[in-house]
Amino acid sequence: GDSVTQMEGPVTLSEEACLTINCTYTATGYPSLFWYVQYPGEGLQLLLKATKADDKGSNKGFEATYRKETTSFHLEKGSVQVSDSAVYFCALNAGGTSYGKLTFGQGTILTVHP
Amino acid sequence: EAQVTQNPRYLITVTGKKLTVTCSQNMNHEYMSWYRQDPGLGLRQIYYSMNVEVTDKGDVPEGYKVSRKEKRNFPLILESPSPNQTSLYFCASSRVIGQGASEAFFGQGTRLTVV
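Observations regarding the overall build of chain B
- When helices and strands are counted, chain B shows zero helices and 11 strands.
- Going from the N terminus to the C terminus, chain B shows its helices and strands as β-β-β-β-β-β-β-β-β-β-β.
- In terms of overall size, chain B behaves like a compact globule, its C-alpha atoms giving a radius of gyration of 14 Å where 115 residues would be expected to give roughly 13 Å.
- Within the span of chain B, comprising 115 residues, buried residues form 50% of the whole.
- Surface accessibility of chain B: about 5,500 Å² in total, with carbon and sulfur atoms responsible for 50%.

What about the environment of B:Arg95?
Residues and elements named next belong to chain B.
- Summarising the element assignment, Arg 95 is placed in strand β9 (residues 87–98).
- Relative accessible area serves as the criterion here: at 36%, Arg 95 is assigned to the partly exposed category.
- Remark: the alpha-carbon pair of Arg 95 and Met 27, spanning 68 residues in sequence, is separated by 8.7 Å.

Notes on the environment of B:Thr86
Residue and element names in this part refer to chain B.
- Within the secondary structure, Thr 86 is located in the loop between β8 (76–78) and β9.
- Since its relative accessible area comes to 32%, Thr 86 is described here as partly exposed.
- As for Thr 86 and Arg 36, which are separated by 50 residues in sequence, their C-alpha atoms are 9.4 Å apart.
- Setting aside residues no more than four positions away along its own chain, Thr 86 makes contact with Arg 36, Asp 38, Leu 112, Thr 113 and Val 114.
- Reaching out from Thr 86, the side chain makes a polar contact with the backbone nitrogen of Val 114 at a distance of 2.9 Å.

Considering the sheet that holds β8(B)
All names here are of chain B.
- Ordered by their spatial adjacency, four strands build an open sheet running β1-β3-β8-β7, and the pairing between neighbours is antiparallel. Among the strands making up the open sheet, the edge pair consists of β1 (4–7) and β7 (65–66).
- As judged from the four bridges shared by β1 and strand β3 (residues 19–25), these two strands associate in the antiparallel manner. Paired with Val 4 across the two strands is Gln 25, which belongs to β3.

Some points on the packing of aromatic side chains
- In this structure the tally under the stated criterion is 12 aromatic pairs over all chains.
- Arranged with centres 5.6 Å apart and planes meeting at 85 degrees, the rings of A:Phe104 and B:Tyr35 form a pair that is edge-to-face. Of this pair, A:Phe104 sits in strand β11 (residues 103–104) while B:Tyr35 sits in strand β4 (residues 31–38), each in a different chain. There is no split in this pair, since A:Phe104 and B:Tyr35 are both buried.
- Feature note: the residues A:Phe34, A:Tyr36, A:Phe89, A:Phe104, B:Tyr35, B:Phe90 and B:Phe106 constitute an aromatic cluster, connected by ring pairs.
- Residue placement shows B:Arg68 over the ring face of B:Phe74; its charged tip is 6.0 Å from the ring centre.

Concerning the state of the cysteines
- All chains considered together, the criterion is met by two disulfides over all chains.
- A disulfide bridge connects A:Cys23 with A:Cys90, and the sulfur atoms are separated by 1.9 Å. Between A:Cys23 and A:Cys90, the disulfide has an S-S torsion of -70 degrees and is therefore left-handed. Remark: A:Cys90 occurs in strand β10 (residues 86–93) and A:Cys23 occurs in strand β4 (residues 23–26); sequence separation between them is 67 residues.
- Between B:Cys23 and B:Cys91 runs a disulfide, and the two sulfur atoms are separated by 1.8 Å. Around the S-S axis, the bridge from B:Cys23 to B:Cys91 shows a dihedral of about -75 degrees and counts as left-handed.

A word on the nonpolar core
Residue and element names in this part refer to chain A.
- One finds Leu 19, Trp 35, Leu 47, Leu 48, Phe 73, Leu 75 and Tyr 88 to be the most contacted residues of the largest nonpolar core, which totals 26 residues.
- Elements represented by at least two residues in this core include exactly β2 (11–14), β3 (19–21), β4, β5 (32–38), β6 (44–50), β8 (62–65), β10 and β12 (108–113).
- The biggest single contributor to this core is β10, with four residues.
- Ignoring sequence-local partners within four residues, the contact set of Leu 75 consists of Leu 19, Thr 20, Ile 21, Trp 35, Leu 47, Leu 48, Phe 62, Glu 63, Ala 64 and Tyr 88.

Some details on the pattern of salt bridges
- The tally for this structure, following the rule as stated, stands at 10 salt bridges over all chains.
- In this structure, the salt-bridge partner of A:Glu63 is A:Lys56, at a minimum N-O distance of 3.6 Å.
- Measuring nitrogen to oxygen at the nearest pair gives 2.7 Å for the salt bridge that ties A:Asp84 to A:Lys77.
- Ionic contacts of the salt-bridge type, sharing partners, join the residues A:Lys49, B:Arg95 and B:Glu103 into one network.

About the cut-offs
- Residues numbered from 1 in each chain as written.
- Chains lettered and ligands numbered in written order.
- Predicted model: local features only at pLDDT ≥ 70, side-chain atom pairs only at ≥ 80, totals over all residues.
- Heavy atoms only, no water.
- Helix = DSSP H or I, 4+ residues; strand = E, 2+ residues; numbered from the N terminus.
- Rg over C-alpha atoms; globule rule 2.2 N^0.38 Å.
- Buried < 20%, exposed > 50% of the residue type's maximum accessible area, 1.4 Å probe, protein only.
- Areas by Shrake-Rupley, 256 points an atom, 1.4 Å probe, with all protein chains shown as cover.
- Contact = heavy atoms within 4.5 Å.
- Polar contact = N/O pair within 3.5 Å; in protein donor to acceptor, adjacent residues only side chain to side chain.
- Pairing = 2+ DSSP bridges.
- Phe/Tyr/Trp six-rings, centres within 6.5 Å; stacked < 30°, edge-to-face > 60°.
- Lys NZ or Arg CZ within 6 Å of the ring centre and 35° of its normal.
- Disulfide = S-S within 2.5 Å.
- Core = buried A, V, L, I, M, F, W, Y, C linked by side-chain atoms within 4.5 Å.
- Salt bridge = Lys/Arg side-chain N within 4 Å of Asp/Glu carboxyl O.

Next up, the structure:
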């Protein structure tokens with residue numbers, strides 16, 4: 001079945017440090033890939049997405065590139081801020097008969113210190 | 001404002017006492033689903049609905065029921081809650097973004113504690 005594996009956290013960084021959160025996936029066909037962010041006490045918000053190989057999703061300084069050859073979708077940011085502290089989830093949607101269903105990774109807690 | 005609304009946000013109940021968590025969306029999406037979030041496990045799908053009167057089991061459906069009588073509403077029902085259903089629950093509705101894929105919008109979550 002479909003699965004998503006994220007790097008284990010928690011991740012603790014100082015402000016302005018570089019961030020990479022690794023995400024790899026297993027899926028049949030050509031899934032769409034997503035990063036969702038969950039700020040403390042809130043629901044999940046879509047951070048960025050990519051729907052086909054080599055697509056790059058970007059938002060709020062975060063980027064991720066859909067790499068089909070390595071089945072990866074790593075999240076990167078060049079300079080993190082305290083306000084980026086949150087839980088980040090990598091997810092895939094396999095489409096087709098799995099229309100609507102998201103398969104999530106376990107989540108990575110990011111804490112950014114001033 | 002486009003949104004998914006869940007109620008209540010927090011709920012503490014006792015084992016065996018039936019409860020319902022409501023979910024409503026105003027985006028006219030056909031697909032809706034329920035997830036539970038547990039530490040170290042991410043989010044797992046409980047039930048989903050592809051349209052009115054069409055529902056099906058997700059990955060962890062045991063102990064839950066759903067109904068879809070109207071397009072906008074998708075309540076989650078726990079007929080006899082047990083402590084292992086203590087969790088954070090999210091409702092989501094999805095729109096198609098092309099090639100059969102979809103993008104989900106989530107509610108604020110319901111933190112349920114069963115004692």
